[in-house]
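A closer look at the structure
The residues making up each chain are set out below.
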Amino acid sequence: MAADDRHPCPLLRGGLSVVRRLRAFWRRATSALHPGRWERELDEELASHLEMHVEDNIRAGMPPEEARRSALLKLGGLEQAKEIYRDRRSLPAIDMIVQDARFALRMMRRSRGLTAAALLVLTLGIGANTVMFTVVNTVLLRPLPYPDPSRLQLVQTATAPPDYYVYRSRNRAFQSFSSFYFRSFDVTGDGEPERIRVLIVSSDFLGTLRTPPAIGRDLQPRDEQWGDHRVVILTDGLWRRRYAADPSIVGRPIVLGAEPYTVVGILPPGFSFLGREAQALVPMSFAPGDNLNTHNNYFLTMVARLAADATPAGANADLNRLSQQIIAEHPENRGTQMDVRSLHGALVEDVRRALFVLFGAVVFVLLIACADLANLLLARAAARRREIALRIAIGASRRRVFGQLLTESVLLAVCGSALAVILTWLSVGTLNSLSQTVLPRTRDIRIDGVVLAYTALVAVATGVLFGLAPAWRSVDIDPGQALHEGARTGEDPRGHRIRSALVMAEIAMSLVLLIGAGLMVKSMHGLTRVDAGFDPHDVLTVQVGIPPRKYVDEALERRFSPQAYVKSTRFFTEVVEQIRTLPGVSAVGAIYALPLMGEVWGKNVTFYDRPLPATIRELPPIQYRVVAGDYFRALAVPILKGRAFAETDTADAAKVAIVNREMVRRYWNDQDPIGKVISVNPPIQLVPRGTVPPDYKPELFTVVGVAADVRYGSLGTAPLPLVYVPFAQGSEGATTMYLVVRSHTDPAGLSAAIRDRIRQVDPDVPASSIQTMEDRVSASLAQPRLRAIVLGTFAGLALLLAGVGTYGVMSYAARQRTREIGIRMAIGASSRAILKLLLGRGAVMVAAGIGAGLLCALALTRALRTLLFGVSTSDPLVFVGVTILLASVAMVAAWVPARRATRLEPVAALREE
Amino acid sequence: MDDKLDVQQGTLALMVLKTLQTMGPLHGYGIARRIEQTSGDLLTINYGTLYPALLKLEQDGYVASAWGVSENNRRAKFYRLARAGRAQVEKEARAWRQTTAILARFFAADSPS
């Protein structure tokens, strides 16, 4: 363990413990923060040491001067001692960084304009990155808010309740297997009637999520028994809003769907499931003989927790095995391929691709910003050549100067990133308010440690990235030469090559972004021009739901008697009548589920104009809607053949149906279907014995009209075959309908009057979800619209940065060649020739950038395929249009400085030093 | 006088610790004088190198420092042995005695008869 002057005593023998080493390191690191204090203390200590020594010497008899000299000699070089001490006191590395940072701050203050411009670019570039990362972090990276969430699987295959019970009891791969579905209920009493969304769940639902109620008790298996099922668990939000967070509500009943439900628990705050804002949990239970609890009603989704040793693939296989068992035991069951996937994956898969694309775009923007900044610093580096040459000439190591220059750019980036974090923090509020149908988990978006760490990383990487080339170029000089010749004149071919290469890269990247944005915009435009099959203008929609207990005769319903729905038919007929008489209303109708809400109701249709299939499974599933009033006229859906429903189509009259064009195309080969007979419930021959009463007979419907195709799924999906049936004749207990009100005055102004009329018919039935049809259409486009806007913004930003970059490089090149231009002009070259000379290089640069960009775009836009509607990923219109746009912008950016250069006086140009 | 040995930095720290153990808290100048005294003036130490050594001992936690007033009313920085330093002195003393004992055998075999 030898030592030298530079490293006093590695210490004694035996080395230091780790703790001791760490503590020493810590002391050294923190001392860098207040070097001044330490310097002062050392000075004081050495001064007092000298004094004492001098005194001793004098006392020993030396003359004062001799005393002082001897003392100093003994101390062995004051400055040297101080130097060794300094090195020991702190970490030289940190000292260096602190010193560099101080110097960098001084330089930044000196060139304020440059610093401001750089900070602006950095804030926008890093800020966009941080915002995107915050979103990606919350939606894709952060695990769901349940304990051990990776074990939760979602079984999305719609399942019938008896099948669910089989899966639950006989599965081997899950430790917990629960099911759920959503329904809307009206809460009355204790205030204004309110329609809330309710999660109807099996008793082990909360157990599967491992999220027990905060107050009260969880559901228990006995709650699934019909009769014991009228219990409810409220969410924290509903409890606070409607019941003023009163803890005594637990144990008391509330009125839900016109029935009393006892509150047994309150969920912890912040509980959410699938982002669908359910307000209460109610146990799943079916009355004996309830039609819903049969093998041919599939509406349950399941969420389950894997057993400790199970895998998703194994779970999938296990459920499929059970599915086969069920088919073997109940042949009328369709039996389906079970689709098991992780809960998180199911929640985000819709948006995962879009988020990746947007994240990639924002990284591109940052890279373009870095290229711009690198060019900026390169230009400034040329101006600082003398300063740096001087520093190297008097002995500064190149490495140190390089490090110091790099510190400048990293410091710029760090400052920019601090501003970027502030920018992100301001935008979190806006992000939180985005609807969860557009983007899941928006409520949870916030800045956390991961985001900050990412921003810090990006800041340092950005600083290094754009600072590397300029710093390298700066120290790569011959100081003698640089000091001699003064400022650079004439061309700098290598420098120009680097700068041109950077601008080429910028142009290529912005081209890719612009093309991507162009494709999204074209796709969006295509969606808005889709013929949805109806006219959404001047139409108001209102959701109305009636409690089944009051309006449906359950005993009759179990016997499949159409008389069960007399009261509900009367209700809706009366409501439609009431609203029709309102001033300004030109037509009013109602339908089970509006267009663009999804293909939510399907029936297996039997055609009686052809031989019956052999099994129930061969009956084709066709979309089914019940309508009331003047639906087709209210929504302006053209009737292509035959007639619409009339008031004469009552429960006792002949059963009629209207089919859509797609159904005629697919099942009648475009022949005239008027007069043909169908049924929406299977014929008795195909129904397994024992599941229906012996007097069961499916209603036969005669087709009386053909309606134009309406997009019930979404604007982007083609219409499916569909059959309409009047509410009076085929409602099958549908108790929620959407009123469609067309008005030639402002339809939104009618909402108060409509609410009033509904209340007159039944004061306990609230009107909810009042929206114009136009708004609904617009909302269905929210996701593609948001994507197009965000990508368009990024592309616009990229275009701006690339334009600025092009301008900067051309301007600098023109300035470099001022002398040459002066000479040319002096010997007679015309302005136009000079312009062509300068622009020539610029045009080559732009063309090369565009060429590279086109190649990249052709490859990269393939990633957008699933996000586009009606647009190919190599759409020539977009490619050509964007190329022209970018080329024009770039050429204008190149032209302005070139033009300015030609305006110079030759004499002034020649004199330019 | 010219036979004075240059002290190795490695042992300087041990001498400082031992001095503090014997003398109690002392300022830097005092430690330097005392070391020279103890060695019977056979050692030359560069007083300047003492201070970095003291700093290292302080950073490693073997000594602690505090400003105080010296014998002749001067403000000076005093150093005292910390608990870890006390333990270290004992350990080193033991090791040193062992080493010298072993080496003594070798040199004893060498002594002129």
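Residues numbered from 1 in each chain as written. Chains lettered and ligands numbered in written order. Predicted model: local features only at pLDDT ≥ 70, side-chain atom pairs only at ≥ 80, totals over all residues. Heavy atoms only, no water.

Our next topic: the overall build of chain A. A count of helices and strands for chain A gives 29 helices and 22 strands. Taking 2.2 N^0.38 as the reference for a compact globule, 913 residues should give roughly 29 Å; the C-alpha atoms of chain A span a radius of gyration of 39 Å, well beyond that estimate. The C-alpha extent of chain A, read off along each of the three principal axes, is 130 × 85 × 55 Å. The buried share among the 913 residues of chain A stands at 49%. If you take every contact in chain A between residues at least 6 apart in sequence, the share linking residues at least 24 apart comes to 81%. Here chain A has roughly 42000 Å² of accessible surface; of this, 59% comes from carbon and sulfur atoms. Here chain A holds 105 positive side-chain charges and 84 negative ones, and the gap between their average locations is 6 Å. (Helix = DSSP H or I, 4+ residues; strand = E, 2+ residues; numbered from the N terminus. Rg over C-alpha atoms; globule rule 2.2 N^0.38 Å. Buried < 20%, exposed > 50% of the residue type's maximum accessible area, 1.4 Å probe, protein only. Contact = heavy atoms within 4.5 Å. Areas by Shrake-Rupley, 256 points an atom, 1.4 Å probe, with all protein chains shown as cover. Lys, Arg positive; Asp, Glu negative; His and termini not counted. Charge placed at Lys NZ, Arg CZ, Asp CG, Glu CD.)

The next thing to look at is the interface of chain A and chain B. Each partner contributes to the interface: chain A provides 35 residues, whereas chain B provides 39 residues. For the pairing of chain A and chain B, the buried interface totals around 3500 Å² over both sides, and the portion due to carbon and sulfur atoms is 55%. R74 of chain B is the partner of E55 of chain A in a salt bridge, and the nearest nitrogen-oxygen pair spans 2.5 Å. In this structure, the connection of chain A to chain B is made through 13 residue pairs in polar contact (both at pLDDT 80 or more). Elements with a contribution of two residues or more to the side of chain A that touches chain B: α1 (18–31), α2 (35–59), α3 (64–75) and α4 (78–89) of chain A. Element by element, the count of residues in the side of chain A that touches chain B is highest for α2 of chain A, at 13 residues. Broken down by class, the residue content of the side of chain A that touches chain B amounts to 15 nonpolar, 4 polar and 16 charged. (Buried area = accessible area lost by both parts, 1.4 Å probe. Salt bridge = Lys/Arg side-chain N within 4 Å of Asp/Glu carboxyl O. Polar contact = N/O pair within 3.5 Å; in protein donor to acceptor, adjacent residues only side chain to side chain. Nonpolar A, V, L, I, M, F, W, Y, C, P; charged D, E, K, R; others polar.)

All names here are of chain A. The interhelical angle for the contact between helix α26 (residues 818–826) and helix α27 (residues 831–860), taken along N-to-C directions, is 150°, at an axis separation of 10 Å. It follows that α26 is roughly antiparallel to α27 by the angle criterion. Our pair here, α26 against α27, has a crossing hand that is right-handed. Facing α26, whose interface residues are E820, I821, R824 and M825, α27 presents I834, L837 and L838. (Axes fitted to C-alpha atoms, helices over the stretch in contact; angles between N-to-C directions. Parallel < 35°, antiparallel > 145°, perpendicular 65-115°, else oblique. Left-handed = near helix turned anticlockwise from the far one by under 90°.)

Residues and elements named next belong to chain B. Strand order across the open sheet formed by 3 strands is β2-β5-β4, with antiparallel pairing between neighbours. In this open sheet, the two strands that pair with only one neighbour each are β2 (26–27) and β4 (63–69). Bridge analysis of β4 against strand β5 (residues 75–81) gives 7 bridges, and the strand direction is antiparallel. Paired with V63 across the strands is L81, a residue of β5. (Pairing = 2+ DSSP bridges.)

Residues and elements named next belong to chain A. A complete count under the given rule lists 5 cavities of 30 Å³ or more for this structure. Roughly 200 Å³ of internal volume is contained in the largest cavity. Around the largest cavity, the lining is made up of 20 residues, and of these L377, R380, R384, L405 and E408 lie nearest the centre. Within the residue set of the lining of the largest cavity, elements represented by two or more residues are α5 (92–110), α6 (112–141), α11 (343–383), α13 (398–432) and α14 (449–475). Each residue belonging to the lining of the largest cavity can be placed in one class, and the counts come to 12 nonpolar, 5 polar and 3 charged. (1 Å grid on protein atoms, 1.4 Å probe; cavity = no way out; pocket = protein on both sides within 12 Å on 5 of 7 lines; lining within 4 Å. Points joined across faces, edges and corners; volume = space filled by probe spheres on them.)

So, on to the packing of α6 of chain A against α14 of chain A. Residues and elements named next belong to chain A. Across the interface, α6 lies against α14 with an axial gap of 10 Å and an inter-helix angle of 145°. Here α6 runs over α14; the crossing is right-handed. Seen from α6, the contacting residues are L122, I126, N129, T130, F133, T134 and N137; seen from α14, they are V450, V451, Y454, T455, V458, A459, T462 and F466. Its residues assigned to classes, the contact of α6 with α14 comprises 9 nonpolar, 6 polar and no charged.

This structure, assessed with the given rule, holds 26 aromatic pairs over all chains. Taking the centre distance of 6.3 Å and the plane angle of 45° together, the rings of F359 of chain A and Y454 of chain A count as tilted. Taken together, the positions of F359 of chain A in helix α11 and Y454 of chain A in helix α14 put the pair 95 residues apart, joining distant regions of the chain. Taken as a pair, F359 of chain A and Y454 of chain A share a single burial class, namely buried. Judged by centre distance (5.3 Å) and plane angle (75°), the ring pair of Y631 of chain A and F632 of chain A falls under edge-to-face. Using a relative accessible area of 1% as the deciding quantity, one classes Y631 of chain A as buried. Chaining the aromatic ring pairs together yields one cluster made of Y164, Y165, Y167, F174 and F177 of chain A. One residue, R20 of chain A, lies across the ring of Y62 of chain B, its end atom 5.1 Å from the ring centre. Above the ring of W67 of chain B, the side-chain terminus of R75 of chain B is found at 4.3 Å from the ring centroid. (Phe/Tyr/Trp six-rings, centres within 6.5 Å; stacked < 30°, edge-to-face > 60°. Lys NZ or Arg CZ within 6 Å of the ring centre and 35° of its normal.)

This part covers a nonpolar patch on the surface. All names here are of chain A. Taken together, the side chains of V414, V460, V464 and L468 present a nonpolar region at the surface, about 270 Å² in accessible area. Looking at the nonpolar patch, the element that brings in the most residues is α14, giving 3 residues. Inspection of the secondary structure puts V464 in helix α14. Under the relative-accessibility criterion, V464 is labelled partly exposed at 30%. (Patch = residues over 30% accessible without salt bridge, like charges linked within 9 Å, V, L, I, M, F, W, Y side chains within 5 Å.)

Moving on to unusual backbone geometry. Both trends apply: most residues other than glycine have a negative phi, and most peptide bonds are in trans. All names here are of chain A. Phi is positive for A245, close to 55°, though the residue is something other than glycine. Along the chain, the position of A245 falls in the loop between α9 (236–243) and β6 (253–256). Of note, S769 is a non-glycine position whose phi angle comes to about 50°, a positive value. Structurally, the position occupied by S769 is in strand β22 (residues 767–772).

Let's shift gears to the state of the cysteines. All names here are of chain A. Counted according to the given criterion, the structure contains 0 disulfides over all chains. Cysteine C856 remains unbridged, with the sulfur of C370 as its closest cysteine sulfur at 18 Å. Judged by its relative accessible area of 37%, C856 is partly exposed. (Disulfide = S-S within 2.5 Å.)

Counting all residues, the mean pLDDT for chain A is 87, and 96% of those residues have values of 70 or more. Taken as a whole, residues 1–13 of chain A scores under 50 in pLDDT and shows 40 contacts with residues more than four places along the chain or in a different chain. (pLDDT = per-residue confidence, 0-100.)

Let's shift gears to the pattern of salt bridges. Across all of its chains, the model carries 48 salt bridges over all chains by this definition. A salt bridge links D630 of chain A to R633 of chain A, with the shortest nitrogen-to-oxygen separation between them at 3.1 Å. One network of salt bridges, with partners in common, ties together E51, E55, D56 and R59 of chain A together with R33 and R74 of chain B.

Take the side chain of S679 of chain A next. Residue and element names in this part refer to chain A. Here S679 lies in strand β18 (residues 677–679). A distance of 3.3 Å separates polar atoms of two side chains, one belonging to S679 and the other to Y608. Once you skip the residues sitting within four places of it in the chain, S679 turns out to touch N604, V605, T606, Y608, P698, E699, L700 and F701.

Residue and element names in this part refer to chain A. When you tally the buried positions in strand β15 (residues 621–629), you get 7 out of 9 residues, the bulk of the element. Bridge count for strand β12 (residues 585–591) against β15 is 3 bridges, and the pairing is antiparallel. Looking across to β15, one finds that G589 is bridged to G629. Both strand β13 (residues 602–604) and β15 contribute to a ladder of 3 bridges, which runs antiparallel. From the neighbouring strand, K603 faces β15, where its bridge partner is I622. As judged from the 5 bridges shared by β15 and strand β20 (residues 722–726), these two strands associate in the parallel manner. Following the sheet pairing, V626 is matched in β20 by V725.

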